[in-house]
Amino acid sequence: MQPRIAPSLLSADFARLAEAAAAVPGSDWLHVDVMDNHFVPNLTIGLPVVQALRKSTDLPLDCHLMIDDPDRWAPPYAEEAGAHNVTVHAEAAADPVMIARDLRAAGALAGLAIKPGTPLEPYLELLRSYDTLLVMTVEPGFGGQEFIADVLPKVREARRRVESGHLTLAIEVDGGINAETILAAAEAGADVFVAGSAVYHADDPDRAVGELRELARKAS
Ligand code: DX5
Ligand code: ZN
């Protein structure tokens, strides 16, 4: 299992997104947090900015949509912004299987996210339609929060299902990932690690990416 690191632009300078992308050439995915001030109490960027970003970097874009009505708004991130992976929240999706179908038809990977308080069980069956499971390790909405280790049993359960051949998924963790917490997340079975402040508040963001990947590799 090759751990992948996805720096979150939420902790970068929003007036210099192209430079922020260029600062982490060694990363695997670039994580883009889209918030609508309805699903979460914060507002960030939307489709036009992601389209502009697509033209400014070759890194695969990992779009995390913390928005209401993803059934309507998610497919354009694949169709019109060329996102590599588009993740919608299970709590917000009306027809998650249809969303996954639309995203895959547009050539993207389909991701399903669950908040810390959302159980995994009800979604195990429909996760067969997905490529990525994003287990939130903080409440969505803001960067720089503390990692919630209590959600790791969900990561473990998802990893068990992947190992037994029930599901084929990348298992992504998002929130509070740093050089201390990445070990527990990797041991539990995560293989994609989103890191905002741990990367962009570091003196050398690209070196931070390399160090996080090395720690995850040792733990997994
Ligand atoms: C929170 C976002 C995260 C956030 C992580 O809602 O989904 O992607 O940027 O930031 P850190 O790594 O600082 O917790
Ligand atoms: Zn995110």
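Residues numbered from 1 in each chain as written. Chains lettered and ligands numbered in written order. Predicted model: local features only at pLDDT ≥ 70, side-chain atom pairs only at ≥ 80, totals over all residues. Heavy atoms only, no water.

Draft legend 1. A look at the site of ligand 1. Taken together, 20 residues surround ligand 1, and among them Ser8, Gly141, Asp174, Gly196 and Ser197 come closest. A distance of 2.8 Å separates an oxygen atom of ligand 1 from a polar backbone atom of Gly176. When residues of the shell around ligand 1 are traced back to their parent elements, those giving at least two are strand S2 (30-35), strand S3 (61-66) and strand S8 (192-195). Ranked by the residues each element gives to the shell around ligand 1, the list is headed by S2, at 3 residues. (Near = heavy atom within 4 Å. Polar contact = N/O pair within 3.5 Å; in protein donor to acceptor, adjacent residues only side chain to side chain. Helix = DSSP H or I, 4+ residues; strand = E, 2+ residues; numbered from the N terminus.)

Draft legend 2. The coordination of the zinc ion (ligand 2), seen in detail. At 2.1 to 2.3 Å from the zinc ion (ligand 2) lie its protein donor atoms, namely His31 (NE2), Asp33 (OD), His64 (ND1) and Asp174 (OD). Between the 6 donor atoms coordinating the zinc ion (ligand 2), the angles at the centre fall across 70 to 171°, so the site counts as octahedral. Counting along the primary sequence, the residues that act as donors to the zinc ion (ligand 2) give the motif H-x1-D-x30-H-x109-D. On the criterion of sequence distance, the pair formed by His64 in strand S3 and Asp174 in strand S7 (residues 170-174) is long-range, its members being 110 residues apart. Overall, Asp174 belongs to the buried group, its relative accessible area being 9%. (Donors = N, O, S within 2.8 Å, 3.2 Å for Na, K, Ca; no water. Tetrahedral: all angles 85-135°; square planar, octahedral: opposite > 155°, others 65-115°. Buried < 20%, exposed > 50% of the residue type's maximum accessible area, 1.4 Å probe, protein only.)

Draft legend 3. The pattern of salt bridges, seen in detail. Applying the stated criterion across every chain yields a total of 11 salt bridges. Put simply, Arg213 and Asp28 hold a salt bridge, and the shortest N to O gap is 2.9 Å. Here Arg213 is found in helix H9 (residues 205-219), whereas its partner Asp28 is found in the loop between helix H1 (17-22) and S2, with 185 residues between them in sequence. A relative accessible area of 15% places Arg213 in the buried class. The salt bridge partner of Arg159 is Glu163, with a shortest N-O separation of 3.4 Å. Linking Arg159 with Glu163, this pair stays in helix H6 (residues 152-163), spanning 4 residues, or about one helical turn. Relative accessible area serves as the criterion here: at 11%, Arg159 is assigned to the buried category. (Salt bridge = Lys/Arg side-chain N within 4 Å of Asp/Glu carboxyl O.)

Draft legend 4. Representation of the sheet that holds S2 within the structure. Spatial ordering of the open sheet is given by S1-S8-S7-S6-S5-S4-S3-S2, a layout of 8 strands whose pairing is parallel. This sheet does not close on itself; its edge strands, each paired only once, are strand S1 (4-7) and S2. Mean inter-strand twist for the sheet, computed between neighbouring axes without regard to direction, equals 25°. In the packing of helix H2 (residues 47-56) onto the sheet, the strands contacted are S2 and S3, and the crossing angle to S3 comes to about 170°. Most of the contacts of H6 go to S7, to which it runs at about 170°, and overall it touches strand S5 (109-114), strand S6 (132-136) and S7. (Pairing = 2+ DSSP bridges. Axes fitted to C-alpha atoms, helices over the stretch in contact; angles between N-to-C directions. Contact = heavy atoms within 4.5 Å.)

Draft legend 5. Highlighting the packing of aromatic side chains. By the definition in use, this model includes 0 aromatic pairs. Of note, Lys115 hangs over the ring of Phe39, and the distance from its end group to the ring centre comes to 5.1 Å. (Phe/Tyr/Trp six-rings, centres within 6.5 Å; stacked < 30°, edge-to-face > 60°. Lys NZ or Arg CZ within 6 Å of the ring centre and 35° of its normal.)

Draft legend 6. Quick peek at the nonpolar core. Formed by 67 residues in total, the largest nonpolar core has its most connected members in Tyr130 and Phe193. When neighbours within four sequence positions are excluded, Tyr130 is seen to be in contact with Val88, Pro96, Ile99, Ala100, Arg104, Ala110, Gly111, Leu112, Thr168 and Leu169. (Core = buried A, V, L, I, M, F, W, Y, C linked by side-chain atoms within 4.5 Å.)

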